[in-house]
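Overview (structure and organization)
Each chain, written out:
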Amino acid sequence: MISTTDLLRSKGLKVTPQRIAIMNMLMSTKNHPTAEVIFKALEPTNPTMSLATVYKTLDSFNEAELIQVLSIDGESLHYDFNTTFHPHIICKNCNSVKDIKVDISDEMNTIVSKINAATNYNIDKKQLFFYGTCDECSKK
């Protein structure tokens, strides 16, 4: 597996301790954190890092196509290291975001083809969200 340093360099990004810490966190979680969650998690080991730095770093990662930005509730952005197309399921109560491990690539290709034909758009990005109530919230 490629190192975080090499990954950042391969995308033309400057390697800084803050970028390494943020990328390592994103690579090691499946929780789709917000910038605030990332900031709070890294604050103890990176006390000089500001929330603004986290946001700027996430923006640069997104521009370099290292991460996927998920706009789920119209208010907060969640970040996902997995940039391949995959659906997500979101809890309407606690706003947790989870990957759905189902291969729907054939169906999605059909849908995209139909949308391209109907709209004359050239679709270059797609995201699919499902909403419901997670097991934890259902138990409450």
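Further up the page is the structure itself.
Before going into details, it helps to say that this report is about the structure given with it. The residue numbering used here restarts from 1 in each chain and proceeds along that chain's sequence as written. Reporting of local features is limited, given that this is a predicted model, to residues whose pLDDT is at least 70; pairs of side-chain atoms are given and counted only at 80 or more, and all residues count toward the totals for whole chains, interfaces and linings. Calculation of side-chain values draws on the structure's entire complement of heavy atoms; hydrogens and water are dropped beforehand.

**Looking at the overall build of the chain**
- Scanning the chain for helices and strands turns up six helices and five strands.
- Helices and strands in the chain line up, N terminus first, as α-α-α-α-β-β-β-β-α-β-α.
- Projected onto the principal axes, the alpha-carbon positions of the chain cover approximately 50 × 45 × 30 Å.
- Long-range pairs, those at least 24 residues apart, make up 48% of the contacts in the chain with a sequence separation of at least 6. Helix and strand labels come from DSSP, where a helix needs a run of H or I of at least four residues and a strand needs a run of E of at least two; each type is numbered from the N terminus. In what follows, residue pairs with any heavy atoms lying within 4.5 Å of each other are defined as contacts.

**A word on the nonpolar core**
- By size, the foremost hydrophobic cluster in this structure holds 21 residues, and its most contacted members are Ile22, Leu58, Phe61 and Leu66.
- Contributions of two or more residues to this core are made by helix H1 (4–10), helix H2 (17–27), helix H3 (35–42) and helix H4 (51–63).
- Among the elements that take part in this core, H2 stands out by supplying five residues, more than any other.
- Once residues within four sequence positions are removed from consideration, phenylalanine 61 is found in contact with Leu8, Leu13, Arg19, Ile22, Met23, Leu26, Leu66 and Ile67. As used in this record, nonpolar core signifies buried Ala, Val, Leu, Ile, Met, Phe, Trp, Tyr and Cys residues forming a set joined through side-chain atoms within 4.5 Å. Only protein chains enter the accessibility calculation, which uses a 1.4 Å probe. A residue is then buried if its area is under 20% of the maximum for its type, exposed if over 50%, and partly exposed in between.

**Some remarks on the environment of valine 37**
- Take valine 37: it is sitting in helix H3.
- Between the C-alpha atoms of valine 37 and serine 138, which are 101 residues apart in sequence, the distance is 24 Å.

**Things to note about the environment of serine 60**
- Examined against the element boundaries, serine 60 turns out to sit in helix H4.
- It is 10.0 Å that separates the C-alpha atoms of serine 60 and lysine 11, two residues lying 49 residues apart in sequence.
- Apart from residues lying up to four places away in sequence, serine 60 is in contact with Leu13 and Arg19.

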